[in-house]
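These are the residues of each chain, in order.
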Amino acid sequence: MFDDLKDIVLKFLTSRFTIIGLVGLLLTSGLVTRLFNLQIVNGESYLDSFQLRIKKEKDIPATRGNIYDCNGNLLAYNELANSVVIEDVFESGSSRHANINETLGRVIDIVEKNGDEVVSDLNIQLSDSGEFEFTVSGSSLLRFLADVYGYSRTDNLKFEEKSSTALDVMNYLGNKFKIGEYTDPQDKSSFVAGRGMSSRRFLQLATLRYNMNLNSFQKYIDTSIAENVSDQTVSDIMENSIDLEGVSIKESTSRKYVDSKYFAQVIGYTGKVSLSELETLRAENPGMNYSGNDTVGKSGIEQTMETVLQGKKGSETVYVDKMGQALETSEYVEPIAGNDVYLTIDKDLTELAYDVLESRLAGILSAKIVNSKEVNIPANSSDLMIPVYDVYYKLFENTVIDVTHFDDPHAGETEKKVKEVFDDKLSSVLLGLRAELTDTKTPYDQLSLEYKNYETYITDSLRNKGVLTGENSEDETYIKYKTDETISLNEYLHYAIMQNWIDISLLNLDSQYSASDEVFINIVDYINEFLTRDVTFHKMLYRYMLASDMVTGRDCCELLLEQKVVSLDDDEMALWKGSAENSYTFIMNRIKKLDLTPAQLNLDPCTGSMVIVDVNTGDVKALVSYPGYDNNRMANGVDAKYYASLRADLSNPLYNYATQQKTAPGSTYKPMSATAGLMEGVISTASEITCTGIFEKISPPAKCWIYPSAHGTLDVSGGITNSCNGFFYEVGYRLGNNGNGYDSDMGLERLAKYADMYGLTDKSGVEIEENEPSVSDQDAVRSAIGQGTNSYTTTQLARYITSVANNGTTYNLTLIDKTTDSAGNLLEDYSASVRNTMDSIPTEYWNAIHKGMRGVVESRSDYKDMKVEIAGKTGTAQERKDRANHALFVSYAPYSNPEISITTRVAYGYSSTYAAKITHDVYQYYFGEKTREELLGGEVEQVSGGTNDD
């Protein structure tokens, strides 16, 4: 009503007729003088200093709560910051889109000139090859596509919309917001961005326009262009404000994370709310007044405790002029700060565990890397070695060396040299592939390994790009190419064309009815074109360039120096420049100094996890996933370049290896199987079983890890101590004995019963994302030693071993200690809930299991220096024959009166010995036997390990 009245007054006051009665009435009411600045002279009004006043109801965000560790150490907090925002005050008309895009472009130039980042949260990024690609998949992608195309539900999407590529979405947004135009409205691929516009600028404008559009249904909601900007950007924006319609500086807060890489997987990060998140938050929290421009928790504790941390918004009424400048403020309601969250995590312990894990992984690598181009594959995967040339190649493959910088005008001498060699190699390979496709037509099985890899990459890329689609895996020709490998790619592609397995709409054809030979030639051209700019393919070439010494190990080391990835002290630089230090020594020194980390090299092992639990409370004292990442660069507007680098990183730092990676538990499962055997009465504490090295009651026979030797006769404690497969094969067999013979399903059912008691049938309880466990559903005999289809996360194994340590109390583990208000007053005291207890298990059985686990550690020479008594169980799990085994160690201490459990997994870590040694060092720190400096001071030491594949 207020706005309607304003329009009426404005119409009358600007007409050529004066209606004294109406104006007088409005003036006496005081309404006009509130709407406009008017002067009253001798009873008459006139627009001597006319100024339009617009009323806005604005929300005032609350300050987000802090996150602390269990000792009150700050982990997440807020800093005052400035953001550049834009409000849609642009008039409708034919020039509206052009005006918005021009304004945004000018702001982007200012922001980037000062080194600040533009918001980049569209779920689309530019790949290394300069192509648009989605950053989400599955249901998240469908939700994004529904948002783009304006649907509230994903099932409303049309088939072609569901099938949209990232380029399709960019073209759609570009056309919608007039960032460019279609040269052919019927052809999605015909979109052309604005003249002279880079793909990067196109993506920036599309992102900001999309975000503005999301806010368009709410009046007076601004959209962030850049967050946490520098003082110089603030100054430049204010200086140019008269020419930047709708653009302003907004005071806000920036989320900050302390020692981020250690805790990113637990704490997560914040970001702008998505439409799907907004729907859920509004539905579940109707009183929280969430809106489309809010910052919310996107992962981890930030997401789990979102409504606790968020706070309550304030509000105010603001009158502004047509430029958006505030004239008057009223009806101010103070926001209420969010509450603080205290975690069970111990900051210092977590950081020590992470650093020990990284250092010892580097130690394993340094013990495994040899100075050669190739190595033989041994029978035992624990004996696998790594040729240093694999290290050189990984520098390219995992983008430690930035090959895109070779084209930079300031490229170094080695960069220029390697670029020239690469260009020659690429040209040669492209010519060779074209010849293979058009003339030579070599059957796949007769190609060199190099060209097999190239052609495999080509067909995979054609499928991923949607060009090769609808293949029939039962087709005879498909089998000849894919399985038998007896025909050429030329023959297969010709056949695919005839079978309509080629989407010709993606090719540069004049007509969809083109002849098959024309289609084939276009496919060859298409392949040549995308390989020319495909960075992933380019990285493949470096393997063969290294193998043929076109690029040398010394070249790789010089590239690291030129790109300032590493640096040398003066003494080592003198040795290097004088050629007294060879490239192998150079690389080994970098690994030992952690100048090159295991994660960067992405060689086995390069990842790991550790979970430390208070066995008497279920509190998680440390949850470590290596490698971590900097969540500061994910909050406050995602750093697009950094996010792209994380997604491309082959060590997958965004993946939580403690809660998401599942592997077989290996022999760490044997205490659980012992429990099942004892409780079901198939063994007693006095029972003895003889291991002969091979178990022949099933077919094929199952071998003990010690075969061709044997453990002999053992009781249950000895079975655990010696990790005897033969003993537990027999337990699994007996659990499946139904009186008439062996029934595997019966054995599996009985094993699962006790797995459930230990909490292994569901998630561990930690309040962050975790994968579901898998309890074995095949082969009871092998399942009893932790094989079969058993598969668990590190957190789930941690809950299990915690229950062993405390004699049968199975907790739902927790990461949250308490919450307080911003003044420190206690709101809620959290504690781990008890899932179940195993009161029916006699103390005698627990003692036998504990004795066996104590025997494991007593037999280890690397634990002889420990003053505190430790009990534990090693485990080795094979996942692939061409890679090292996973290494596991579950444990608790002190043995006689347990306080904590430590569960360690090193993916592809060769031997459980390595996991046990890493755990040993953390125990030394926890119990005060060694300081951080004693454990981590100096260079990384080589870590030696056994070949025990228990």
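As the structure is a prediction and not an experimental result, all values here were calculated from the model.

A. A look at the overall build of the protein chain. Looking only at helices and strands, one finds 35 helices and 31 strands in the protein chain. For the protein chain, whose C-alpha radius of gyration is 33 Å, the value lies close to the compact-globule estimate of 30 Å for 950 residues. With the C-alpha coordinates of the protein chain rotated into their principal frame, the extents come out at 115 × 75 × 70 Å. The buried share of the protein chain, taken over its 950 residues, is 53%. Contacts in the protein chain between residues far apart in sequence, at least 24 positions, make up 68% of those at least 6 positions apart.

B. Highlighting the pairing of strand 20 (residues 620-626). Counting buried positions along strand 20 gives seven out of seven residues, so the element sits mostly inside the fold. Taking the residues between adjacent antiparallel strands as the criterion, strand 19 (residues 608-614) and strand 20 are bridged by five residues, where Gly-618 takes a positive phi near 80°.

C. Main features of the environment of Ser-366. You can see Ser-366 is positioned in helix 14 (residues 347-368). Look at Ser-366 and you get buried, because its relative accessible area is 2%. Sequence-distant contacts of Ser-366, defined by excluding residues within four places in its chain, comprise Met-588, Lys-592 and Gln-942. A distance of 2.8 Å separates a polar atom in the side chain of Ser-366 from the backbone oxygen of Gly-363.

D. Here's a closer look at the packing of aromatic side chains. This model, assessed by the stated rule, comprises 34 aromatic pairs. With a centroid separation of 6.1 Å and an interplanar angle of 75°, the aromatic rings of Phe-144 and Tyr-210 are classed as edge-to-face. With Phe-144 in helix 5 (residues 138-149) and Tyr-210 in helix 8 (residues 199-214), the pair connects residues that are 66 residues apart, well separated along the chain. Like Phe-144, the residue Tyr-210 is buried in the burial classification.

E. Here's a closer look at the pattern of salt bridges. By the definition in use, this model includes 51 salt bridges. Residues Lys-419 and Asp-423 are paired through a salt bridge, measuring 2.8 Å at the closest nitrogen-oxygen approach. Taken as a pair, Lys-419 and Asp-423 lie in helix 16 (residues 413-440) at a separation of four residues, close to a single helical turn. Note on Lys-419: relative accessible area 18%, which makes it buried. The exposure class of Asp-423 is partly exposed, given its relative accessible area of 34%. Overlapping salt bridges bring together Arg-64, Arg-255, Glu-302 and Glu-306 as one network.

Reading the values: the criteria
- Residues numbered from 1 in each chain as written.
- Predicted model: local features only at pLDDT ≥ 70, side-chain atom pairs only at ≥ 80, totals over all residues.
- Heavy atoms only, no water.
- Helix = DSSP H or I, 4+ residues; strand = E, 2+ residues; numbered from the N terminus.
- Rg over C-alpha atoms; globule rule 2.2 N^0.38 Å.
- Buried < 20%, exposed > 50% of the residue type's maximum accessible area, 1.4 Å probe, protein only.
- Contact = heavy atoms within 4.5 Å.
- Pairing = 2+ DSSP bridges.
- Polar contact = N/O pair within 3.5 Å; in protein donor to acceptor, adjacent residues only side chain to side chain.
- Phe/Tyr/Trp six-rings, centres within 6.5 Å; stacked < 30°, edge-to-face > 60°.
- Salt bridge = Lys/Arg side-chain N within 4 Å of Asp/Glu carboxyl O.

These results come straight from atomic positions and should not be treated as a statement about function.
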